[in-house]
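# Survey of secondary and tertiary structure
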There are 2 protein chains.
Amino acid sequence: MARKNAFYAQSGGVTAVINASACGVIETARANRNTIGKVYAGRNGIIGALREDLIDTSKESKTAIRGLLSTPSGAFGSCRHKLKSLEENRAEYERLIEVFRAHNIGYFFYNGGGDSADTCLKVSQLSESMGYPLQAIHIPKTIDNDLPLTDNCPGFGSVAKYVAISTREAAMDVASMCETSTKVFVLEVMGRHAGWIAAASGLAAEEKGDAPHIILFPEVPFDKTTFLAKVQATVKKNGYCVVVASEGAQYADGTFLTDSGTRDAFGHAQLGGLAPTLAGMIKSELGYKYHWAVADYLQRSARHIASATDVEQAYALGKAGVEFALAGKNAVMPAIVRGSGKRYSWRIGEAPLHKVANKEKMMPKRYITRDGFGITAAGREYLAPLITGEAYPEYRNGMPRYVRLKNASVPRKLKDSFTV
Amino acid sequence: MARKNAFYAQSGGVTAVINASACGVIETARANRNTIGKVYAGRNGIIGALREDLIDTSKESKTAIRGLLSTPSGAFGSCRHKLKSLEENRAEYERLIEVFRAHNIGYFFYNGGGDSADTCLKVSQLSESMGYPLQAIHIPKTIDNDLPLTDNCPGFGSVAKYVAISTREAAMDVASMCETSTKVFVLEVMGRHAGWIAAASGLAAEEKGDAPHIILFPEVPFDKTTFLAKVQATVKKNGYCVVVASEGAQYADGTFLTDSGTRDAFGHAQLGGLAPTLAGMIKSELGYKYHWAVADYLQRSARHIASATDVEQAYALGKAGVEFALAGKNAVMPAIVRGSGKRYSWRIGEAPLHKVANKEKMMPKRYITRDGFGITAAGREYLAPLITGEAYPEYRNGMPRYVRLKNASVPRKLKDSFTV
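All values reported here derive from a predicted model rather than from experimental measurement. (Residues numbered from 1 in each chain as written. Chains lettered and ligands numbered in written order. Predicted model: local features only at pLDDT ≥ 70, side-chain atom pairs only at ≥ 80, totals over all residues. Heavy atoms only, no water.)

Bringing the UniProt feature "binding site: diphosphate" (unreviewed entry) in chain A into the picture now. Within this structure's numbering, the places UniProt gives as "binding site: diphosphate" (unreviewed entry) are Gly13 of chain A. Topologically, Gly13 of chain A is positioned in the loop between strand 1 (4-10) and helix 1 (18-30). Gly13 of chain A gets classed as buried once you look at its relative accessible area, which sits at 12%. When residues no more than four places from it in sequence are discounted, the contact partners of Gly13 of chain A are Arg80, Lys141 and Arg300 of chain A together with Met177 of chain B. (UniProt positions renumbered as here; feature names shortened; annotations may be inferred. Helix = DSSP H or I, 4+ residues; strand = E, 2+ residues; numbered from the N terminus. Buried < 20%, exposed > 50% of the residue type's maximum accessible area, 1.4 Å probe, protein only. Contact = heavy atoms within 4.5 Å.)

Listed below in structure tokens is the structure:
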């Protein structure tokens, strides 16, 4: 097999551990220099390939690459550019292959969610038909935990741990002052289509009566009356109530709760979030003093409290991606397979991309309690192992030492530029 | 000296390390059983004393008390009950002394901010005139960092660390995707009167161009035009802009930015916060894609990433409070005194309560850059040591092990109840 270079790109929303996958890819490729030449990364994801804006990772020291294991966000930049269907935008696919051909790239590692799995598959198919075969491997990543054929997705475990810990800590704060102060605390977390992240907050509860008392899932239609009754009953019983809400919480007709019809003084739609909307509802209907928080990017970038299991799996999947390529595989994704034993175990499996692309794995109904406000023992059993272990970064002067790569450009070879 | 019991209460907003001070008080009292009998804690703060609702901390194991060192929030409950002036509410002060007398309490340890320093002083004075002298010691605590005569306040260092780390992490997230996605990120932090907490976010920046690019302090009048120009210039230069805003940011006339005049569909005032207000301003005037987060209670309860320096000082101040009492002192507060050397050092000093009570220490102007949007080298020099060191709690199954005390009640001795 003639030595070829590899292309690696990060796709979509970044996570606390996507760089751990990059570390797995690059370290494993470096260990196999006879087969894989250099690893080029797309600057800002796949648009870096389209623009022939490649980063030469061989310019980075061993220490810098190792540092990726404990550095959040996307070290090479990411983007949300979704390649359209082959029919709609054949030019982009052809451009990709042209760039890969120019740089002698034989391996395409695409690190992302469902959309990028689809792109990865198409690139593999088209390259074949264009006479420049590529081995295209998808490396899973998404805090949404919604990819099929893998037990879980790297990135999710760390968000889950952050949300569970933050819920416990904030709840202890509220509990200690509820006698005379805040009675209701609302934490808004990510999850537009699936409630996986909100569900993870349920891990904060160990004993009956523990927070969170109410979890709002996008999967469960929101009913204001039932919700307010549950808030009131919880405050009466425990003295306080903690609500964790998925940003995608919605009414039965599919309207998001954040579409509150609220307008500012100039008539613009309110740009506030779900948490203040819920807090306002509670204040005006029940009169309780409230506080609310919106974790937003803090939750998915919180490498300081990443799950060790998540970091380990993210690295292993990057490594496995390269090993799959070395074994001659194409159009596949390494996946996490959970062991069947009582004690949590996992191994790397293999999923064909045509079964991964464009499929969303929703949260099973049996993970949600009958009243729709909590997680079941089965849900807890699934979630708990994913947040296990701490993988602290190094610190200097009280701040985490996250690496900054040089991100040196690969000289361009093509004459024509390409507008994305 | 006849053996007397001690009373300890937590006051005002709780922190990640107020229990470390409690640990210092209780462990030091236990080590001096010949002089100090039992330590009784007020259930939910000073109202516990008024209601004669006392917690017997002697029922807690050594391990449980040690666990307070790494447990956030107020383990005995806290409250925001401010005792009015002696003239206005002499009955409450007299009731306190009556309860103390009934339970043979000779030491009053009050763990809080400026208001509680004032209460502590008054209790000391009145007890003297009522013929039941108490040694009243104030133990400083406030995330607002606004107590005079102490270099810093326990609780602040941990919020500062949380805010600096969260700013860095979220900024890395935004930076990696700004080419095609979010351009402006706004993080709202606590600080209604002083910008100490927002200032701490400045520690996230190590090199020129690093986030946060704009800090909004309550001390600097907000000017929309200058602000938006700075946002735009930053996005043009760096590709993205991170704003950290004190909740107390205000216009020159003293109006809070959150008083945006916004009304919901029912005509109610908008209940959203500062971050969405700023984000909306940026969107409507500059058109940038934005995200925002509101840390709220998450920042002050984040024991998982507490500053080791903060934890150590909180404990030391609790311990010193008891040592001051043992030394016969009264109406004083142990304080942090910063060493004058180049390398950070601190020791415990002593501040008379009449000089502490009802005085707010504002952030020096020289800590804020001339343009009003950042911190100076002097500000950084003051802040940096306070976030140094990590003091991780123990974990079990991926979650921090925070203690839950039994909080057994002390049998009541007084016949009459007291309505707070």
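Turning to the domain arrangement of chain A, a few remarks are in order. Where interface size is given, it is often the accessible area lost as the parts come together that is meant. All names here are of chain A. What the domain assignment reports for chain A is domain 1 (4-142 + 305-358 + 392-400) and domain 2 (156-301). One C-alpha centre belongs to domain 1, the other to domain 2; they are set 35 Å apart. At the interface, 12 residues of domain 1 touch 8 residues of domain 2. Carbon and sulfur atoms make up 54% of the surface buried where domain 1 meets domain 2, a total of about 750 Å² over both sides. Our count for the contact surface shared by domain 1 and domain 2 stands at 4 residue pairs in polar contact (both at pLDDT 80 or more). Residue composition of the side of domain 1 that touches domain 2, grouped by class: 6 nonpolar, 4 polar and 2 charged. (Domains from an automatic or database assignment. Buried area = accessible area lost by both parts, 1.4 Å probe. Polar contact = N/O pair within 3.5 Å; in protein donor to acceptor, adjacent residues only side chain to side chain. Nonpolar A, V, L, I, M, F, W, Y, C, P; charged D, E, K, R; others polar.)

Residue and element names in this part refer to chain A. Scanning all chains against the criterion turns up 40 salt bridges over all chains. Asp416 is the partner of Arg95 in a salt bridge, and the nearest nitrogen-oxygen pair spans 3.9 Å. In this pair, Arg95 sits in helix 4 (residues 90-102) while Asp416 sits in the segment after strand 13 (399-400), placing the two residues 321 residues apart along the sequence. Of the residues examined, Asp416 reaches a relative accessible area of 40% and is grouped as partly exposed. For Glu323, the salt bridge goes to Lys319, with nearest N and O atoms at 3.1 Å. Of the two residues, Glu323 and Lys319 both sit in helix 11 (residues 308-326), 4 residues apart, roughly one turn of that helix. For Glu323, a relative accessible area of 35% corresponds to the partly exposed category. You can call Lys319 partly exposed: its relative accessible area is 34%. (Salt bridge = Lys/Arg side-chain N within 4 Å of Asp/Glu carboxyl O.)

This part takes up the relation of the copies chain A and chain B. For the pair chain A and chain B, the relating rotation is 180 degrees, the translation along its axis is 0.0 Å, and the fit reaches an RMSD of 0.0 Å. Here the transformation between the copies is reduced to the relation of a two-fold axis. Relative to the rotation axis, the C-alpha of Val294 of chain A is the closest in chain A, positioned 2.5 Å from it. Here 100% of the interface residues in chain A have copies in chain B that are interface residues too; the copies meet face to matching face. (Least-squares fit on C-alpha atoms with pLDDT ≥ 70 in both.)

Attention shifts here to unusual backbone geometry. A cis amide bond links Ala211 of chain A with the next residue in sequence, Pro212 of chain A, at an omega value of 0 degrees. Following the sequence through the fold, Pro212 of chain A ends up in the loop between helix 7 (196-200) and strand 7 (214-216). Unusually for a residue other than glycine, Asn44 of chain B sits at a positive phi of about 60 degrees. For Asn44 of chain B, a relative accessible area of 14% puts it in the buried group. Of note in the backbone geometry, Glu52 of chain B takes a positive phi value of approximately 55 degrees without being a glycine. Among the secondary structure elements, Glu52 of chain B is positioned in the loop between helix 2 (46-50) and strand 3 (54-56).

All right, on to the interface of chain A and chain B then. Across the boundary between the two partners, chain A contributes 77 residues, which contact 77 residues of chain B. Buried surface at the junction of chain A and chain B, summed over both partners, amounts to about 6300 Å²; 58% is from carbon and sulfur atoms. Counting every contact that joins chain A to chain B gives 8 salt bridges. Taken together, chain A and chain B are joined by 31 residue pairs in polar contact (both at pLDDT 80 or more). Broken down by secondary-structure element, the contributors of at least two residues to the side of chain A that touches chain B are helix 6 (156-177), strand 6 (184-189), helix 9 (274-286), strand 9 (290-294), helix 10 (297-301), strand 12 (395-396) and strand 13 of chain A. Tallying contributions element by element places helix 6 of chain A first for the side of chain A that touches chain B, with 13 residues. When grouped by side-chain class, the residues that make up the side of chain A that touches chain B number 33 nonpolar, 26 polar and 18 charged.

Tyr162 and Phe185 of chain A together with Tyr162 and Phe185 of chain B are the most contacted members of the largest nonpolar core, which has 92 residues in total. Once residues within four sequence positions are removed from consideration, Phe185 of chain B is found in contact with Asp296, Tyr297 and Leu298 of chain A together with Ala170, Val174, Cys241, Val242, Val243, His291, Trp292 and Ala293 of chain B. Formed by 50 residues, the second largest nonpolar core is a distinct cluster that contains Tyr288 of chain A together with Val186, Leu274 and Phe373 of chain B. (Core = buried A, V, L, I, M, F, W, Y, C linked by side-chain atoms within 4.5 Å.)

Residue and element names in this part refer to chain B. Across the interface, helix 4 (residues 90-102) lies against helix 5 (residues 114-129) with an axial gap of 10 Å and an inter-helix angle of 70 degrees. The angle between helix 4 and helix 5 falls in the class roughly perpendicular. Contact residues: helix 4 offers Arg90, Tyr93, Glu94, Leu96, Ile97 and Phe100, while helix 5 offers Thr119, Lys122, Val123, Leu126 and Ser127. (Axes fitted to C-alpha atoms, helices over the stretch in contact; angles between N-to-C directions. Parallel < 35°, antiparallel > 145°, perpendicular 65-115°, else oblique.)

Here we take up the packing of helix 8 (residues 224-238) of chain B against helix 9 (residues 274-286) of chain B. Residue and element names in this part refer to chain B. Relative orientation of the contacting elements helix 8 and helix 9 amounts to 75 degrees, with a least axis distance of 11 Å. Regarding the angle of helix 8 to helix 9, the classification is roughly perpendicular. Taking contact as the criterion, the partners of Lys224, Phe227, Leu228, Val231 and Gln232 in helix 8 are, on helix 9, Leu278, Met281, Ile282, Glu285 and Leu286. Residue classes in the contact of helix 8 with helix 9 are distributed as 7 nonpolar, 1 polar and 2 charged.

All names here are of chain B. In this fold, Pro393 is placed in the loop between helix 13 (377-383) and strand 12 (395-396). By relative accessible area, which is 6% here, Pro393 ends up buried. In this structure the C-alpha to C-alpha distance between Pro393 and Lys342, which are 51 residues apart in sequence, comes to 31 Å. Not counting residues up to four positions away in its chain, the partners in contact with Pro393 are Ser70, Arg303, His304, Pro400 and Tyr402.

As a further point, take the pairing of strand 2 (residues 36-42) of chain A. Residue and element names in this part refer to chain A. For strand 2, a buried count of 5 out of 7 residues is recorded, marking the element as mostly surrounded by other parts of the structure. Strand direction decides the pairing type here: strand 1 and strand 2, joined by 4 bridges, are parallel. Along strand 2, the bridge assignment pairs Ala6 with Val39. Tracing the backbone out of strand 1, into helix 1 and back to the parallel element strand 2 gives a crossover that is right-handed. (Pairing = 2+ DSSP bridges. Right-handed = clockwise from strand over helix to strand, strands pointing away.)

What follows covers the UniProt feature "site: Important for catalytic activity" (unreviewed entry) in chain A. Residues and elements named next belong to chain A. As recorded in UniProt, the sites labelled "site: Important for catalytic activity" (unreviewed entry) are Lys141. Positionally, Lys141 belongs in the loop between strand 5 (135-140) and helix 6. For Lys141, a relative accessible area of 6% puts it in the buried group. The residues touching Lys141, leaving out its near neighbours within four places in the chain, are Ser11, Gly12, Gly13, Thr15, Ile18, Asn111, Gly112, Gly113, Leu147 and Pro154. A distance of 2.8 Å separates a polar side-chain atom of Lys141 from the backbone oxygen of Ser11.

Here we take up helix 8 (residues 224-238) of chain A. Residues and elements named next belong to chain A. For helix 8, which comprises 15 residues, the first-to-last C-alpha distance of 21 Å matches the rise-based estimate of 21 Å (1.5 Å per residue) to within 8%. Among the residues making up helix 8, those that are buried are Phe227, Leu228, Val231, Thr234 and Val235. In an axial view of helix 8, the angular spread of the buried residues amounts to 125 degrees, which keeps them on one side of the axis. For helix 8, the exposed residues set more than 90 degrees away from the buried face come down to Thr225, Lys236 and Lys237. Next to the buried residues of helix 8 lie strand 6, strand 7, strand 8 (241-246) and helix 9. Phi turns positive, to about 90 degrees, at Gly239, one or two residues after helix 8. (Expected span 1.5 Å × (residues − 1). Arc of directions from axis to C-beta.)

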